There are 2 protein chains.
Amino acid sequence: MNEMRINHLAVVVDDLDSALVFWRDGLGLPLGGREDVPAEAVEVAFLELENAHIELVRPADDESGVAKYLAKRGAGMHHVCIEVDDIHAKLKQLAEAGVELINETPRERDGRLYAFVHPKSTGGVLVELYQRSVA
Amino acid sequence: MNEMRINHLAVVVDDLDSALVFWRDGLGLPLGGREDVPAEAVEVAFLELENAHIELVRPADDESGVAKYLAKRGAGMHHVCIEVDDIHAKLKQLAEAGVELINETPRERDGRLYAFVHPKSTGGVLVELYQRSVA
């Protein structure tokens, strides 16, 4: 039984308005929200797809992880977030397979459990795992 | 009405087996297939999620576009593919919004219409559009 799904794809940009010309105006995705997140020093915009969403992230200062990513790598895809049924079991299974985890135990944000997997174990992709919400 | 969905996320890797340690063995995604594609000088592996798939791509020579991408950028996410209902209408809408297209008219592969959008218009993301299959 394959219960895993893409929740969102995060994209780091230097200008939200010019990115929205493609994602919202050109492609026609509904803008699900746009907000400042001072705690993380970013401004984010959410574009809704039928089965997932695109999260555009603009650094609001030069110090955050995404600001440094943008300075080093340029704009582009930052991470993919995959929902799993049991994040504790999945992290244990990953550790046993020899996968390098950034968060060995889940962290919590807005009531959601999450953990990041190191790109060196995934083929260069920063992967975020989400505990699937209970419906 | 939002009919668009993520079809797949393509990841360029230098070694399929080590990437599969994470995606298949650790995360537990079913391997939907693995094959050489001599026409494009790549080897690909498909991992199935509930709502999309991950496509791992390993260059088989040094000349292809993905080989050059790997040499320049390192392993990581290469493009995201989004299904649309009417690719001709969508490309027209994108052009009218001033979005730069790599393919101004759809190309065809295996009976599927597709077109790429230039990363400079999307916030650094290479976006592939797919004509949604008729069920």
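Quantities reported herein were computed from a predicted structural model and do not represent experimental measurements.

Here's the deal with the environment of Asp61(A)
Residue and element names in this part refer to chain A. Its location among the elements puts Asp 61 in the loop between β4 (53-59) and α2 (65-73). The exposure class assigned to Asp 61 is partly exposed, which follows from its relative accessible area of 32%. Residues in contact with Asp 61, not counting those within four places in the same chain, are Ala 41 and Ala 67. A distance of 2.9 Å separates a polar side-chain atom of Asp 61 from the backbone nitrogen of Glu 63.

Re the interface of chain B and chain A
Taken together, the contact pairs 47 residues of chain B with 47 residues of chain A. Between chain B and chain A, the buried area comes to about 3,800 Å², and carbon and sulfur atoms account for 65% of it. Taken together, chain B and chain A are joined by four salt bridges. The interface formed by chain B and chain A contains 16 residue pairs in polar contact (both at pLDDT 80 or more). Elements with a minimum of two residues in the side of chain B that touches chain A: β1 (5-12), α1 (16-26), β5 (76-84), α3 (87-96) and β8 (127-131) of chain B. Looking at which element gives the most residues to the side of chain B that touches chain A, the answer is α1(B), with seven residues. Here the side of chain B that touches chain A is composed, by residue class, of 26 nonpolar, 13 polar and eight charged.

Quick notes on the nonpolar core
Core analysis: the largest hydrophobic core is formed by 64 residues, its most contacted members being Trp23(A), Leu56(A), Leu129(A), Trp23(B), Leu56(B) and Leu129(B). Grouped together as the second largest cluster of nonpolar side chains are seven residues, Val12(A), Val44(A), Val66(A) and Leu70(A) included.

Focus: the environment of Glu48(B)
Within the element layout of this structure, Glu48(B) appears in strand β3 (residues 42-48). Remark: the alpha-carbon pair of Glu48(B) and Phe116(B), spanning 68 residues in sequence, is separated by 23 Å.

With respect to the relation of the copies chain B and chain A
The transform that puts chain B on chain A rotates by 180° and translates by 0.0 Å along the axis, for an RMSD of 0.0 Å. The transformation just described matches what one would write down for a two-fold rotation axis. Here 100% of the interface residues in chain B have copies in chain A that are interface residues too; the copies meet face to matching face.

Here we look at the domain arrangement of chain A
Residues and elements named next belong to chain A. By the assigned domains, chain A splits into domain 1 (1-78) and domain 2 (85-135). Residue-level contacts link seven residues of domain 1 with eight residues of domain 2. Across the interface of domain 1 and domain 2, roughly 610 Å² is buried in total on both sides, 46% from carbon and sulfur atoms. Our count for the contact surface shared by domain 1 and domain 2 stands at zero salt bridges. Put simply, domain 1 and domain 2 have two residue pairs in polar contact (both at pLDDT 80 or more) between them. The element that contributes the greatest number of residues to the side of domain 1 that touches domain 2 is strand β1 (residues 5-12), accounting for three residues. A per-class count over the side of domain 1 that touches domain 2 returns one nonpolar, three polar and three charged.

Calculation rules
Residues numbered from 1 in each chain as written. Chains lettered and ligands numbered in written order. Predicted model: local features only at pLDDT ≥ 70, side-chain atom pairs only at ≥ 80, totals over all residues. Heavy atoms only, no water. Helix = DSSP H or I, 4+ residues; strand = E, 2+ residues; numbered from the N terminus. Buried < 20%, exposed > 50% of the residue type's maximum accessible area, 1.4 Å probe, protein only. Contact = heavy atoms within 4.5 Å. Polar contact = N/O pair within 3.5 Å; in protein donor to acceptor, adjacent residues only side chain to side chain. Buried area = accessible area lost by both parts, 1.4 Å probe. Salt bridge = Lys/Arg side-chain N within 4 Å of Asp/Glu carboxyl O. Nonpolar A, V, L, I, M, F, W, Y, C, P; charged D, E, K, R; others polar. Core = buried A, V, L, I, M, F, W, Y, C linked by side-chain atoms within 4.5 Å. Least-squares fit on C-alpha atoms with pLDDT ≥ 70 in both. Domains from an automatic or database assignment.

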